[in-house]
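Chains, contacts and geometry: an overview
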Amino acid sequence: MSAIKGFHHLTAGVAGAQEDVDFYVKLLGQSLIKKTVLLDGDEPIYHLYYGNARGDAGTLVTSFPFRQRGVKARPGSGQIRVINYSVPKNSLDFWRARFEAFGVTYDKQTVTRFGETRQRFLHPCGIEFDLVASDQDSRTACVAADIPEQFAIRGVHSITLSLREVAESVIFMKDALEFRYAGEQGPYHRFETASGAPGTVVEFQHEPDRLQGSSIYGEGTIHHVAFAVDNVEQQMALKDKLMSMGHIDTSESVNRNYFRSMYFKMPGGVMFEAATTDIGFTIDEAADELGAEFQTPSWLSERKEELLSRLEPISI
Ligand SMILES: [Fe+2]
């Protein structure tokens, strides 16, 4: 059985920080559970974490607002194309009315795939999202004052990868990551792990003519997906397995403060990560105060005020 239980987080490069907060928190009812920093280069960029109020793995989507640095990424194949959120059945009318009221770009027609109805909408930076209606999701609802539980998002349902070729990547999902192949519909291939419920699903979209996208951090693309593993032992066992199968493009175990990360490239070019669930977001904030204050890892603590002063103020 696969060590992978489902998703840990997804990470995207977005445009402005405040419009990103407005999208996840005000529109979608997600909680901003950590406000910290990416320090890649001289100029700090926020690293914003959104999810359910507890910051559970599998609900997390994180953003780097790259407009500040003026770096644009190029959407294309070899990337995660769509973030799919899970919502209850019979909630899509509520969300369409909400998108209309908030001025969000959304498709006027739904699509049904693998027995699930989906509603497409766009992040302000252009990244594609689907709400997927499912009655198989028992996770805690992300409620807000104006989002009743019966309609609220439960977490990440799945990701949709855009791939020019799928044959090697199908084998990778089955043999290296030990996902089950759950079927094919037109250009789509579906894989599941664990129970196969929302939060354990990966989908390929075969797009042989789509030009390759960039893999840099920049505005407008989803950079990578992290799958959840229990600890470094499982993470390193996965690394050893990948290496032994010839998938040698793997990283060491990297300290990300709230978890440890091991990055690896899948054959279709998409950056994957195995993130551990054994540390968590309460190492620097109480469970009921997640996201309240700007946080830096210990090795940047002396620069906290300086870094914050170089980031645009954001409010919830
Ligand atoms: Fe990550």
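Coordinates for the structure precede this section.
So, how was this worked out
- Residues numbered from 1 in each chain as written.
- Predicted model: local features only at pLDDT ≥ 70, side-chain atom pairs only at ≥ 80, totals over all residues.
- Heavy atoms only, no water.
- Buried < 20%, exposed > 50% of the residue type's maximum accessible area, 1.4 Å probe, protein only.
- Helix = DSSP H or I, 4+ residues; strand = E, 2+ residues; numbered from the N terminus.
- Pairing = 2+ DSSP bridges.
- Donors = N, O, S within 2.8 Å, 3.2 Å for Na, K, Ca; no water.
- Axes fitted to C-alpha atoms, helices over the stretch in contact; angles between N-to-C directions.
- Parallel < 35°, antiparallel > 145°, perpendicular 65-115°, else oblique.
- Left-handed = near helix turned anticlockwise from the far one by under 90°.
- Contact = heavy atoms within 4.5 Å.
- Nonpolar A, V, L, I, M, F, W, Y, C, P; charged D, E, K, R; others polar.

**Here's the deal with the pairing of strand β13 (residues 221-229)**
For β13, the tally of buried residues reaches 9 of 9 residues, placing the bulk of the element in the interior. Bridge count for strand β1 (residues 7-14) against β13 is 6 bridges, and the pairing is antiparallel. Among the inter-strand pairings, Thr11 is bridged to a residue of β13, identified as His224. Relative to strand β16 (residues 271-276), β13 is paired through 6 bridges, and the arrangement is parallel. Following the sheet pairing, His224 is matched in β16 by Met271.

**A word on the coordination of the iron ion**
For the iron ion, every protein donor is listed as His9 (NE2), His224 (NE2) and Glu273 (OE), and the spread of their distances is 2.0 to 2.1 Å. Coordination of the iron ion draws on donor residues from a single chain, spaced H-x214-H-x48-E in sequence. Within this pair, whereas His9 is found in strand β1, its partner His224 is found in strand β13, the two being separated by 215 residues in sequence. Note on His9: relative accessible area 3%, which makes it buried. On the basis of relative accessibility, which here comes to 3%, the residue His224 falls in the buried class.

**What to know about the packing of helix α3 (residues 167-176) against helix α4 (residues 232-244)**
How two helices sit against one another is set out by the angle between their axes and by the gap between those axes. Interhelical geometry of α3 versus α4 gives an angle of 135° and a closest axis separation of 11 Å. Accordingly, the angle class assigned to the pair α3 and α4 is oblique. The interaxial crossing formed by α3 with α4 has right-handed handedness. Together, Phe172, Asp175 and Ala176 of α3 and Leu238, Lys241 and Leu242 of α4 make up the contact between the two elements. Residue composition of the contact of α3 with α4, by class: 4 nonpolar, no polar and 2 charged.

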